Amino acid sequence: MSPQRIQRLRTPGWRKPHNAVIIDRTSRYGNPFKAADAVANGFADNEADARKVCVDSYDRWLDGEPEYASVEPARRQRILDDLHLLVGKDLACPCAPGEPCHGDPLIRRAARLGRQAVSL
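Procedures and definitions
Residues numbered from 1 in each chain as written. Predicted model: local features only at pLDDT ≥ 70, side-chain atom pairs only at ≥ 80, totals over all residues. Heavy atoms only, no water. Helix = DSSP H or I, 4+ residues; strand = E, 2+ residues; numbered from the N terminus. Rg over C-alpha atoms; globule rule 2.2 N^0.38 Å. Buried < 20%, exposed > 50% of the residue type's maximum accessible area, 1.4 Å probe, protein only. Contact = heavy atoms within 4.5 Å. Areas by Shrake-Rupley, 256 points an atom, 1.4 Å probe, with all protein chains shown as cover. Pairing = 2+ DSSP bridges. Axes fitted to C-alpha atoms, helices over the stretch in contact; angles between N-to-C directions.

Caption draft 1: Looking closely at the overall build of the protein. The number of helices and strands found in the protein is 4 helices and 3 strands. For the protein, the sequential pattern of α-helices and β-strands runs β-β-α-α-α-β-α. Its C-alpha atoms give the protein a radius of gyration of 15 Å, within 12% of the compact-globule value 14 Å for 120 residues. Dimensions of the protein along its principal axes, counting C-alpha atoms only, are 40 × 40 × 20 Å. Taken over 120 residues, the protein has a buried fraction of 38%. Sequence separation of 24 or more characterises 64% of the internal contacts of the protein that already satisfy a separation of 6 or more. Carbon and sulfur atoms provide 53% of the accessible area of the protein, an area that totals close to 7,300 Å².

Caption draft 2: Here's a closer look at the sheet that holds strand β1 (residues 5–7). Taken together, 3 strands build an open sheet; the order of strands is β1-β3-β2 and the sheet is parallel. A single partner strand is all that each edge strand has here, and the edge strands are β1 and β2 (20–22). Strand-to-strand twist in this sheet, taken as the mean axis angle between neighbours without regard to direction, amounts to 35 degrees. Sheet analysis places β1 next to strand β3 (residues 90–93), joined by 3 bridges and oriented parallel. Counted as the bridge partner of Arg-5 is Leu-91 from β3.

Caption draft 3: Quick peek at the side chain of Asp-59. Checked against the element boundaries, Asp-59 lands in helix α2 (residues 47–63). The contact partners of Asp-59, leaving out residues within four places of it in the chain, are Pro-105, Arg-108 and Arg-109.

Caption draft 4: A look at the pairing of β3. In β3, alternate side chains face the same way, and those of Asp-90 and Ala-92 on one face and Leu-91 and Cys-93 on the other are all buried. Looking at chain direction, β2 and β3 are connected through 3 bridges and run parallel. Bridge pairing in β3 links Ala-20 to Asp-90.

Caption draft 5: Looking closely at the environment of Pro-32. Position of Pro-32 relative to the elements: it lies in the loop between β2 and α1 (35–40). Look at Pro-32 and you get buried, because its relative accessible area is 15%. Remark: the alpha-carbon pair of Pro-32 and Ser-57, spanning 25 residues in sequence, is separated by 9.2 Å. If near-sequence neighbours (up to four positions away) are discounted, Pro-32 is found in contact with Arg-25, Tyr-58, Trp-61, Val-71, Glu-72 and Arg-75.

Pasting the structure below:
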């Protein structure tokens, strides 16, 4: 089964699955772009649209697009350097299934790294 995004819950009894890595905002892989900021700065009109904006911004930030160059460059580099740690892992984040989540770009990147390693 391919790696997937799973919802991290903070309810009694919930445990992170063995093959999962936590990627929420408190982790090294957290998204520096916040929905509240996207709404406050006029990039989105509501929370749902703001989440999409934040995921897109995260994806473009990781891609190194020039407009994001000043946003935590050392943190971005650390995430890129540690992507190999996500290969083959499920990613746990509080985003509900079906919601936009920065885990999706991480899964794509980790899968690409995994394919490159196999072809070597």
